[in-house]
Amino acid sequence: MQVTLPIKTPFRTSTDREIIEGIKKADSEKDLKFFQYEFYNRFAPYIYKVALLCCRNFNDADFLSREILQLTFINAYRNISRFDFPVESEDSDCTNLTKAWLGKIANNEFRRALSKKVNDTVDFDSLNLSETPSDDLFTNLYEEPEQEVTNAFKLKLQEAMN
C-alpha cells in the first residue's frame, strides 16, 4: 500500500528558521497562514511517513496515520513558542532539529492513539459467535478431488508443457 500526500511548491523559498520565526512573530493573519502553510507542506510528508510506519500493523493504518499527522501539527502550532534553535546552529541543522521535534510530538501522539486502541473494549455480545462455521476445512481433505473443466487454453498449455 503506497499512499502519498501531495507536495505543493512554496511561493518563495524560506529557510526552516525563517518559517518558524515567521510563525512565532507573524504580524497579520495572512502572514501567519502563509508560514503555517509553508511549515506544513515542508514537514507533513516526513511526519506522515513516520506515522504510517508506526501504524502499519493496524487495520486502519492510513486513518491512524492521518490522525497522528493532524494532531502533531495542531500540537506543534500550539507549542511553537517554546521551540527554539540553538544559537550556534546552522540553517542546514535546522531541518533535522525541526524533524526531531515534530517526530517527538508524533511519537507522543502515536502512544496516545495506541493507548486508546488498547483500552477499547470489544462487545462480545455483538459478535455472532454462536453460529458454527458452515464449511469444515477438513471434510475435503480425504475425498477425491473435483475434476476441473478444461478449456482450450489449459489444453494448449498442457500440450506445450508435455
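Let us look at the structure shown here. Note that the structure is predicted; figures quoted are calculated from it, not measured.

## Section: the environment of Tyr 48
Then, in step 1: With respect to the helices, strands and loops of the structure, Tyr 48 is situated in helix H2 (residues 29-54).
Then, in step 2: In this structure, the C-alpha to C-alpha distance between Tyr 48 and Leu 64, residues 16 residues apart in sequence, is 9.9 Å.

## Re a nonpolar patch on the surface
Then, in step 1: A surface patch of nonpolar side chains, amounting to about 370 Å² of accessible area, comprises Phe 153, Leu 157 and Met 161.
Then, in step 2: You can call Phe 153 exposed: its relative accessible area is 61%.

## Describing the packing of aromatic side chains
Then, in step 1: A complete count under the given rule lists 8 aromatic pairs for this structure.
Then, in step 2: Seen in terms of ring centroids, Phe 83 and Phe 85 are 5.1 Å apart; in terms of plane orientation they differ by 75°. Their pairing is edge-to-face. In this pair, the class of Phe 83 matches that of Phe 85, namely buried.
Then, in step 3: Each residue in the set Phe 39, Tyr 40, Phe 43, Phe 73 and Tyr 77 is aromatic and connected to the rest through ring pairs, giving one cluster.
Then, in step 4: Across the ring face of Tyr 46, the terminal group of Lys 99 is positioned such that the distance to the ring centre comes to 4.9 Å.

## Thoughts on the side chain of Glu 109
Then, in step 1: Within the secondary structure layout, Glu 109 lies in helix H4 (residues 91-119).
Then, in step 2: Within the structure, the side chain of Glu 109 is placed 2.3 Å from the side chain of Asn 75, a separation counted as a polar contact.
Then, in step 3: Setting aside its immediate chain neighbours within four residues, Glu 109 contacts Ile 68, Leu 71, Thr 72 and Asn 75.

## Some words on the packing of helix H1 (residues 16-24) against H2
Then, in step 1: At a minimum axis separation of 8 Å, H1 and H2 run at an interaxial angle of 140°. Taken together, H1 and H2 sit at an angle that is classed as oblique. Crossing angle aside, the handedness with which H1 passes H2 is left-handed. Side by side, H1 and H2 meet where Asp 16, Glu 18, Ile 19, Ile 20, Gly 22 and Ile 23 of the first sit next to Leu 32, Phe 35, Gln 36, Glu 38, Phe 39, Arg 42 and Phe 43 of the second.
Then, in step 2: Per-class residue counts for the contact of H1 with H2 are 7 nonpolar, 2 polar and 4 charged.

## Details of the nonpolar core
Then, in step 1: Residues Phe 39, Phe 73, Trp 101 and Leu 102 are the most contacted members of the largest nonpolar core, which totals 29 residues.
Then, in step 2: Secondary structure elements with two or more residues in this core: H1, H2, helix H3 (61-79) and H4.
Then, in step 3: Broken down by element, this core gets its largest block of residues, 9 residues, from H2.
Then, in step 4: What Leu 102 contacts, discounting residues up to four positions off in sequence, is Phe 39, Phe 43, Ile 47, Thr 72, Phe 73 and Ala 76.

Scoring rules and cut-offs
- Residues numbered from 1 in each chain as written.
- Predicted model: local features only at pLDDT ≥ 70, side-chain atom pairs only at ≥ 80, totals over all residues.
- Heavy atoms only, no water.
- Helix = DSSP H or I, 4+ residues; strand = E, 2+ residues; numbered from the N terminus.
- Patch = residues over 30% accessible without salt bridge, like charges linked within 9 Å, V, L, I, M, F, W, Y side chains within 5 Å.
- Areas by Shrake-Rupley, 256 points an atom, 1.4 Å probe, with all protein chains shown as cover.
- Salt bridge = Lys/Arg side-chain N within 4 Å of Asp/Glu carboxyl O.
- Buried < 20%, exposed > 50% of the residue type's maximum accessible area, 1.4 Å probe, protein only.
- Phe/Tyr/Trp six-rings, centres within 6.5 Å; stacked < 30°, edge-to-face > 60°.
- Lys NZ or Arg CZ within 6 Å of the ring centre and 35° of its normal.
- Polar contact = N/O pair within 3.5 Å; in protein donor to acceptor, adjacent residues only side chain to side chain.
- Contact = heavy atoms within 4.5 Å.
- Axes fitted to C-alpha atoms, helices over the stretch in contact; angles between N-to-C directions.
- Parallel < 35°, antiparallel > 145°, perpendicular 65-115°, else oblique.
- Left-handed = near helix turned anticlockwise from the far one by under 90°.
- Nonpolar A, V, L, I, M, F, W, Y, C, P; charged D, E, K, R; others polar.
- Core = buried A, V, L, I, M, F, W, Y, C linked by side-chain atoms within 4.5 Å.

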